[in-house]
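Residues per chain, in single letters:
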Amino acid sequence: MLTKVIGQAQIDHFAKWLDRSEKIVIVSHMSPDGDAVGSSLGLWHFLNSQDKTVNVIVPNAFPDFLRWMPGSKDILLYDRYKEFADELIADADVICCLDFNAINRIGNMKDAVLASPARKILIDHHLYPEDFCRIVISHPNISSTSELVFRLICRLGYFSDITKPCAECIYTGMMTDTGGFTYNSNSQEIYFIISELLSKGIDKDEIYRKVYNTYSESRLRLMGHVLTQMQVYPDHHAALITLTKKEQDSFNYIRGDSEGFVNIPLSIKGVVFSCFLREDTEKPMIKVSLRSVGKFPCNQLAAEFFGGGGHLNASGGEFYGTLEEAKKVLEEALEKYKPLLNAKG
Ligand code: 5GP
Ligand code: MN
């Protein structure tokens, strides 16, 4: 049995909305990751089984390694089909906001979502949710939004309606937001849920391979290049990897090619904090990705130095300036956080 994480009031409230609604839109964050796509499609499969008219809309494209996911072809990309998506958002009875806590995480979709008269529900696991939804299901102690979607469906009384494709999507989100169950993954209930998903016929080993073992040759070579350039700060138990636009061009970089790179330096003995600075190809900025192990709060560092946020062990932000300047800011941050980086545990 699972603990009742989601409040009964939220469950009852959402059940009422479902009774009365026909058109449902699911939205998730910019540069959708496995959990954004997994939770959205998991909920999409479920709501389809309840005969609702459901659409998943995300601000921009998601990585190729998620394309195998059942239902992914039906995801609408806002940057390509803005007019159609705007209509769906304006006409929806309910909008489900998944895997983001701040409205600006959905980029250009923000205005349409805020302006829509639809009832809105937030289902998310990031700290400090903003106040833009009537029903708020926000649980930062749960490691993925996909897990919350599973819990929600079960609490609504529809475990039996979870199909294999639905279970595959939920599993993918749970797996990717925990790095294949290597961080934020000590809760026993995660494994109870996995066991329930296995009962739906998912092949978890195959899902792992489809997500993680689909590198292109150029991605693997790029990884080698980035790691060769890596800078380690032994006194700070930290490491930095960078990627310029020029390097992206010379390795035929396509979106998603550097996904997961930021985790690699954490495999060095003694390194507890990793930073990845990447020149963005669309906007004149440096995308900052941060990861830590243990108690080091990379979300605090992201907020203080890079106008960002996120989770304790996985966060990010943006830097408007050159890569060299971003590196200087990081080094300042390392100095400031040196005592915490050197703390045990
Ligand atoms: P990633 O490094 O995979 O891009 O992001 C990891 C996590 O950091 C995300 O799940 C999100 O919580 C947070 N994050 C990444 N970029 C930003 C950002 O620009 N602003 C904020 N507030 N959070 C971010
Ligand atoms: Mn997530």
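Some words on the site of ligand 1
1) Next: Taken together, the neighbourhood of ligand 1 is formed by 14 residues, with His126, Lys287, Ser289, Arg291 and Ser315 sitting nearest.
2) Next: In the environment of ligand 1, an oxygen atom lies 2.6 Å from a nitrogen or oxygen atom belonging to the side chain of Ser289.
3) Next: Interatomic distance of 3.2 Å between a backbone N/O atom of Gly316 and an oxygen atom of ligand 1.
4) Next: Its free accessible area being 500 Å², ligand 1 has 76% of it covered by the protein chains.
5) Next: Listing elements by their share of the shell around ligand 1, those giving two or more residues are β10 (286-292), β11 (309-310) and β12 (314-319).
6) Next: If one sorts the elements of the shell around ligand 1 by residue count, β12 sits on top with five residues.
7) Next: Classifying every residue of the shell around ligand 1 by side-chain character gives one nonpolar, nine polar and four charged.

What about the environment of Asp79?
1) Next: Mapped onto the elements of the fold, Asp79 is located in the loop between β3 (76-77) and α3 (82-91).
2) Next: We classify Asp79 as exposed; its relative accessible area is 52%.
3) Next: Expressed as a C-alpha distance, the spacing of Asp79 and Gly107, which sit 28 residues apart in the sequence, is 9.8 Å.
4) Next: When near neighbours in sequence (up to four residues on either side) are disregarded, Asp79 contacts Pro59 and Asn60.

Side note on the pairing of β10
Regular strands show a simple pattern: their side chains alternate between the two faces of the sheet.
1) Next: With respect to burial, β10 is a largely interior element, six of its seven residues being buried.
2) Next: As judged from the seven bridges shared by strand β9 (residues 273-279) and β10, these two strands associate in the antiparallel manner. Residue pairing for β10: Phe273 is matched across the bridge by Ser292.
3) Next: Here β9 hands over to β10 after six residues, the two strands then running antiparallel side by side.
4) Next: Judged from the six bridges that link them, β10 and β12 form a sheet pairing that is antiparallel. What sits directly across from Ser289, in β12, is Gly316.

Notes on the packing of helix α5 (residues 145-155) against helix α6 (residues 164-176)
1) Next: Following both chains from N to C, one finds α5 and α6 inclined at 140°, their axes separated by 7 Å at the closest point. The orientation of α5 relative to α6 falls into the category oblique. Every residue of α6 that contacts α5 at Ser146, Glu147, Val149, Phe150 and Ile153 is listed here: Cys166, Cys169, Ile170, Gly173 and Met174.

What about the coordination of the manganese ion (ligand 2)?
1) Next: The coordination sphere of the manganese ion (ligand 2), as far as protein atoms go, consists of Asp35 (OD), Asp99 (OD), His125 (NE2) and Asp177 (OD), spread over 2.2 to 2.4 Å.
2) Next: Mapping the donors of the manganese ion (ligand 2) onto the primary sequence gives the spacing D-x63-D-x25-H-x51-D. Here His125 lies in the loop between β5 (119-124) and β6 (135-138) and Asp99 lies in the loop between β4 (94-98) and α4 (110-115), a separation of 26 residues in the sequence. The burial state of Asp99 is the same as that of His125; both residues are buried.

Focus: the sheet that holds strand β1 (residues 23-28)
1) Next: Strands sit in the order β3-β2-β1-β4-β5-β6 across an open sheet of six strands; the sheet is parallel. Looking along the sheet, the strands with just one partner apiece sit at the ends: β3 and β6.
2) Next: Looking at chain direction, β5 and β6 are connected through four bridges and run parallel. Looking at the pairing, Ile123 lines up with Ile137 of β6.
3) Next: Contacts from α5 reach β4, β5 and β6 within the one sheet, and its direction differs from that of β5 by about 120°.

Examining helix α11 (residues 298-306)
1) Next: Considered for burial, the residues of α11 that qualify are Cys298, Asn299, Leu301, Ala302, Phe305 and Phe306. Along α11, the residues classed as buried sweep out an arc of 160° about the axis, all on the same side.
2) Next: Tucked into the core, α11 has its buried residues touching β9, β10, β11, β12 and α12 (323-336).
3) Next: One or two positions beyond α11, positive phi appears at Gly307, with a value near 55°.

Parameters at a glance
Residues numbered from 1 in each chain as written. Chains lettered and ligands numbered in written order. Predicted model: local features only at pLDDT ≥ 70, side-chain atom pairs only at ≥ 80, totals over all residues. Heavy atoms only, no water. Near = heavy atom within 4 Å. Polar contact = N/O pair within 3.5 Å; in protein donor to acceptor, adjacent residues only side chain to side chain. Areas by Shrake-Rupley, 256 points an atom, 1.4 Å probe, with all protein chains shown as cover. Helix = DSSP H or I, 4+ residues; strand = E, 2+ residues; numbered from the N terminus. Nonpolar A, V, L, I, M, F, W, Y, C, P; charged D, E, K, R; others polar. Buried < 20%, exposed > 50% of the residue type's maximum accessible area, 1.4 Å probe, protein only. Contact = heavy atoms within 4.5 Å. Pairing = 2+ DSSP bridges. Axes fitted to C-alpha atoms, helices over the stretch in contact; angles between N-to-C directions. Parallel < 35°, antiparallel > 145°, perpendicular 65-115°, else oblique. Donors = N, O, S within 2.8 Å, 3.2 Å for Na, K, Ca; no water. Arc of directions from axis to C-beta.

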